[in-house]
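Results of the structural survey
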Amino acid sequence: MNKKKVKEYWDQRPCNIRHSPKPVGTVEYFNEVEDRRYFVEPHILQFAKFPHWKGKRVLEIGCGIGTDMIRFARTGAKVTAVEFSQKSLKIAKQRAKVFKLQNKIKFYQGDAEHLTDFVPIAPYDLVYSFGVIHHTPHPEKVIEQIRNYVRPGTVIKLMVYYRYSWRVFWILLTFGRGQFWRLNELVARHSEAQTGCPITHLYSRRQIRRLLHGYKIIEMHVDHIFPYRIADYTNYHYRKVWYFRWMPGPIFAWLKQNFGWHLLVTAEVY
Ligand SMILES: C[S@@+](CC[C@H](N)C(=O)[O-])C[C@H]1O[C@@H](n2cnc3c(N)ncnc32)[C@H](O)[C@@H]1O
């Protein structure tokens, strides 16, 4: 898998860049992006526990345009933000500037599979990576690199896409007419807002345990099903697709907790 393709893809369409129609880089734009993110994905707030990291050192791998990054910095963490896509990083830097949080964040552009080549080695309290390592050809290399930035007590929080999710089932039916042997190709193609993501790995709980060998897994759960009609959502309206509109709340909650798209893992170094 060509890394150049990965970088090009995220440079072309940084993650969540269309979360607001306002001019990119303005305060209004960033505020709307933030509102939309935590409205559509409220579980991120419970997962990241932003206020908990006040005064702590946070290494964020794959910060994208910096929505979680700015929350960590705003709540008082000292953040090191790493991102492969130059365009995404530029927007993240602009975000730090408009909110006057530049002194709280250090930025590094590069490939997290080779973190030690460009990020000074130092121990962190939290290593956070949301929806990133499954988009790099060798996620296991990122995990190995992370080992250089931890000490006993460091917490690692990762979100990866869940293999046995509603979303995978939906992609298979909608775009593949059930051709499960094309799963990897179909999922990569349709996993993101813009089609054609070059690589998207899927994980089961067992695969995560294997990937994180040597760490103590504190907590692992699944969450998040996107219930809105895409055509409405892209126009900033939140109308659910008919089956989610009629589905009783407790059933939807059960579905999310068992077949959600996000596998959320918290591990600790001991
Ligand atoms: C789905 S986006 C998530 C961005 C951000 N964490 C968020 O939740 O909004 C995936 C991000 O991972 C970054 N990425 C992919 N491979 C990477 C690598 N090898 N090293 C660093 N960042 C990488 C991409 O550039 C992209 O910004």
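Residues numbered from 1 in each chain as written. Predicted model: local features only at pLDDT ≥ 70, side-chain atom pairs only at ≥ 80, totals over all residues.

1. Here's the deal with the overall build of the protein chain
Formally: Numbered from the N terminus, helices here are DSSP runs of H or I no shorter than four residues, and strands are runs of E no shorter than two. Our radius of gyration looks at C-alpha atoms and nothing else; its globule reference is 2.2 Å times the residue count to the power 0.38. Exposure classes come from backbone-placed C-beta atoms, where a residue is buried if 20 or more other C-beta atoms lie within 10 Å of its own, exposed if 12 or fewer do, and partly exposed in between. For every residue pair, C-beta atoms are placed from the backbone, and the pair is scored as a contact if these atoms sit within 7 Å.
Per the secondary structure count, the protein chain includes 12 helices and seven strands. Computed over the C-alpha atoms, the radius of gyration of the protein chain is 18 Å, within 12% of the 18 Å expected from 2.2 N^0.38 for a compact globule of 270 residues. By principal-axis analysis of the C-alpha atoms, the protein chain measures approximately 50 × 45 × 40 Å. Looking at the protein chain as a whole, 37% of its 270 residues are labelled buried. Within the protein chain, contacts between residues separated by at least 24 positions form 68% of all contacts whose residues are at least 6 apart in sequence.

2. A look at the site of the ligand
Operational definition: To decide nearness, the C-beta atom of each residue is placed from the backbone, and the residue is near a molecule or strand if that atom lies within 6 Å of it.
Near the ligand there are 21 residues, and of these W10, C15, G62, G64 and A112 occur at the shortest range. Mapped by element, the contributors of at least two residues to the shell around the ligand are helix 1 (3–12) and strand 2 (78–83).

3. Things to note about the sheet that holds strand 2
As a reminder of what qualifies: Two strands pair if DSSP finds at least two bridges between them. Note on definitions: angles span 0 to 180 degrees between N-to-C directions of axes, and those axes are lines fitted to C-alpha atoms, for helices only across the stretch in contact.
Across the sheet, which stays open at both edges, the seven strands sit in the order 3-2-1-4-5-7-6 with mixed pairing between neighbours. Looking at strand neighbours, the two that pair on one side only are strand 3 (105–109) and strand 6 (216–223), the edges of this open sheet. Neighbour-to-neighbour, the strand axes of this sheet turn through a mean angle of 15°, independent of strand direction. Where strand 4 (residues 126–130) meets strand 5 (residues 155–161), five bridges bridge the pair, whose relative direction is parallel. For S129, the partnering residue across the bridge sits in strand 5 and is L158. Of the strands in this sheet, strand 2 and strand 3 are in contact with helix 5 (residues 86–98), which crosses strand 3 at around 170°.

4. Some remarks on the UniProt feature "domain: Methyltransferase" (unreviewed entry) in the protein chain
Defined as follows: UniProt positions are given in the numbering used here, feature names are shortened, and annotations may be inferred rather than shown by experiment.
This chain's UniProt record puts "domain: Methyltransferase" (unreviewed entry) on residues 54–156. Counting secondary structure, residues 54–156 comes out at 28% helix and 22% strand; the distance between its end C-alpha atoms is 16 Å.

5. Here's the deal with helix 2 (residues 27–40)
We count it as follows: By this rule the span expected of a helix is its residue count minus one, scaled by 1.5 Å.
The terminal C-alpha atoms of helix 2 lie 20 Å apart, and with 14 residues this matches the ideal 20 Å at 1.5 Å per residue to within 8%. Buried positions along helix 2 lie against helix 4 (67–74) and helix 5.

6. Focus on the nonpolar core
Just so we agree on the cut-off: Joining buried Ala, Val, Leu, Ile, Met, Phe, Trp, Tyr and Cys residues through C-beta atoms within 7 Å gives a set, and that set is a nonpolar core.
In this structure, V58, M69, A73, V79, A92, V127 and L263 are the most contacted members of the largest nonpolar core, which totals 62 residues. Beyond its immediate sequence surroundings of up to four residues, M69 is in contact with E60, C63, V79, A81, A92 and I105.

7. Overview of the environment of D11
Along the polypeptide, D11 turns up in helix 1. Along the chain, D11 and K87 lie 76 residues apart, while their C-alpha atoms are 5.2 Å from each other. The contacts of D11, once residues within four sequence positions are left out, are S85, Q86 and K87.

8. Considerations on the pairing of strand 4
The element strand 4 is largely enclosed, with a buried count of five among its five residues. Taking every second residue as pointing to the same face, both faces of strand 4 are buried, with L126, Y128 and F130 on one and V127 and S129 on the other. Pairing geometry for strand 1 (residues 57–61) and strand 4, over three bridges, is parallel. Within strand 4, the residue paired with L59 across the bridge is V127.

9. Notes on the environment of H221
Relative to the assigned elements, H221 resides in strand 6. We classify H221 as partly exposed; it has 16 C-beta atoms within 10 Å. Along the primary structure H221 and S204 are separated by 17 residues, whereas in three dimensions their C-alpha atoms are 11 Å apart.

10. Some points on the pairing of strand 7 (residues 262–268)
The buried fraction of strand 7 is high, at five of seven residues. In the sheet, strand 6 pairs with strand 7 via seven bridges, with the strands oriented antiparallel. Residue pairing in the sheet places H221 in a bridge with L264 of strand 7.

11. What to know about the packing of helix 7 (residues 166–176) against helix 8 (residues 183–190)
Heads up, the condition is: Angles are sorted into four bins: roughly parallel if under 35 degrees, roughly antiparallel if over 145, roughly perpendicular if 65 to 115, and oblique for all others. Three residue categories are used. Nonpolar comprises Ala, Val, Leu, Ile, Met, Phe, Trp, Tyr, Cys and Pro, charged comprises Asp, Glu, Lys and Arg, and polar comprises the others, including Gly.
In contact at an axis separation of 10 Å, helix 7 and helix 8 are set at 95° when each is read in the N-to-C sense. Between helix 7 and helix 8, the angle is such that the two are roughly perpendicular. Across from V168, I171, L172, F175 and G176 in helix 7, the residues of helix 8 making contact are L183, L186, V187 and H190. Here the contact of helix 7 with helix 8 is built from residues that sort into seven nonpolar, two polar and no charged.

12. Re the environment of T234
Here T234 shows up in helix 10 (residues 230–234). The class for T234 is exposed, based on 11 C-beta atoms found within 10 Å. The spacing of T234 and H19 is 215 residues in sequence and 8.5 Å in space, taken between C-alpha atoms.

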